[in-house]
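# Results of the structural survey
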Amino acid sequence: MLVTFLIGNGFDLNLGLETKYAHFYPLYLNSPKFSANDPDILAFKELLAEDGGYSRWADFERALGEHTTEPPINSEAALRKCLKDFKRCFAQYLQQEEDRINFDDCSRGMAHKFAECLCTHRDYLEPRLFRIVQSALPAKEVSIYHILDFNYTTIIDRLFPFFSFSDLRGGDKGRLIHVHGTHTSGMILGVDNLSQVANPDLFTNAVQQRMFLKPLLNQQSGQGHDQDALSCIKQSDEICIFGMSLGETDLIWWQRIGLWLISNSRHQLLIFTRGQALAPLFPEDILDHQDKIRNLFLSRTTLAPESYPDFRDRIHIVITSDFFRLEPAMKAPLIGNPSPPALTPA
């Protein structure tokens, strides 16, 4: 049985890393480490400051598309320059966040907990939902676990060598694919399609479009992440989504999972959500939250609304804050305020 996990920024946040847009945004605007003299980049930062912060990366990407009518990112050259500066600074920030983990002390323990979550992910389902999934896909089958990592960090890569056969309870690790690259290579940032940009005239050919349209850049990239990830989805019996906001700027992936869902009546989709404000005392609130997430996912697919009831019993919303809580050992903070390293030139 093939189980594919799509993992987003909630994974890094669960480790205690500060990888939200809201964490990076004020530093990009104000930190001397990320200072710039280029007038276009300065104007870009002013535009971001006027727009205010966002809680999710998908909201930031969507806002970029909406601002393509405004200077400086209403011209191809300035937009390219500003995106490269933003990605370069963000990559450095992510590297520093990742380096806060003391992998020498905790890699084996984190890998064991990660593997345990993969193997026991159904245990987080409510009993009725567990029985539905178990009936469609009996867990007695040996499982292979693919990971589609939508983060730019390389934390899971650093854990993979520490997995053992016993950790996966007779199963096996499959592929680990960084769908949008990492902080060291192939970082992809932007929107899903031209309908998400306010100034489509800025993108009149494929060269201009791939600068900002994530699926196009992914498809044309020599890394082949797009086709590899799609292959994992198509082959899967079960798909789990963790730590992702189901945002519009990743629309192509929700549409692909929707097509996968209708291709086989045995296919089961699990969407993990925190649901922090929900009290166990009020099951009606829990059901409302589950309906909200389920309907949001369905609205991102190409399925006709009148067909939604046919798939609701195969989309399971798992409410938990403990999944993928790996409790890494963190390095002690540096004493003093050493000068930050200079950014690599463009």
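Coordinates for the structure precede this section.
The sections below set out a description of the structure shown in this document. (Residues numbered from 1 in each chain as written. Predicted model: local features only at pLDDT ≥ 70, side-chain atom pairs only at ≥ 80, totals over all residues. Heavy atoms only, no water.)

## Focus on the packing of aromatic side chains
The cut-off we apply is this: The pairing test for Phe, Tyr and Trp rings, Trp by its six-membered ring, is centres within 6.5 Å, and the orientation test on the planes gives stacked under 30 degrees, edge-to-face over 60, and tilted for anything in between. The way it works is that DSSP assigns letters per residue, a run of H or I at least four long becomes a helix, a run of E at least two long becomes a strand, and they are numbered from the N terminus. Accessibility here uses a 1.4 Å probe with only protein chains present; expressed as a share of the type maximum, an area under 20% marks a residue as buried, one over 50% as exposed, and anything in between as partly exposed. A ring has a charge above it when a Lys NZ or an Arg CZ is no more than 6 Å from the ring centre and no more than 35 degrees off the ring normal.
Scanning all chains against the criterion turns up 32 aromatic pairs. A ring pair is formed by tyrosine 21 and tyrosine 54, whose centres lie 6.0 Å apart and whose planes are at 45°; its orientation type is tilted. Highlighted residues: tyrosine 21 in helix H2 (residues 21-30) and tyrosine 54 in the loop between helix H3 (39-51) and helix H4 (57-66), separated in sequence by 33 residues. Each member of the pair, tyrosine 21 together with tyrosine 54, is buried. Ring centres of tryptophan 57 and phenylalanine 86 lie 6.2 Å apart, and the angle between their planes is 75°; this geometry places the pair in the edge-to-face category. With tryptophan 57 in helix H4 and phenylalanine 86 in helix H5 (residues 76-98), this pair connects stretches of sequence that are 29 residues apart. A relative accessible area of 1% means that phenylalanine 86 is categorised as buried. The aromatic ring of tyrosine 28 is capped on one face by lysine 45, whose charged end is 4.5 Å from the ring centroid. Residue placement shows arginine 256 over the ring face of tryptophan 253; its charged tip is 4.6 Å from the ring centre.

## Focus on the packing of H2 against H3
How we decide: Lines are fitted to the C-alpha atoms to define the axes, a helix being fitted only along its stretch in contact, and any angle between axes, read from their N-to-C directions, falls within 0 to 180 degrees. Roughly parallel means an angle under 35 degrees; roughly antiparallel means over 145; roughly perpendicular covers 65 to 115; every other angle is labelled oblique. If you view the pair so one helix is near and one far, a crossing is left-handed when the near helix is turned anticlockwise from the far one by less than a right angle, and right-handed when it is turned clockwise. The contact criterion used throughout is that any non-hydrogen atoms of two residues lie within 4.5 Å. Residues were grouped as follows: Ala, Val, Leu, Ile, Met, Phe, Trp, Tyr, Cys and Pro as nonpolar; Asp, Glu, Lys and Arg as charged; and all remaining residues, including Gly, as polar.
At their nearest, the axes of H2 and H3 sit 10 Å apart, and the two run at 135° to each other. In terms of axis orientation, H2 runs oblique to H3. H2 and H3 meet at a crossing whose hand is left-handed. For the pair H2 and H3, the contacting residues are Tyr21, Tyr25, Tyr28 and Leu29 in the first and Ile41, Phe44, Lys45, Leu48 and Ala49 in the second. Classifying every residue of the contact of H2 with H3 by side-chain character gives 8 nonpolar, no polar and 1 charged.

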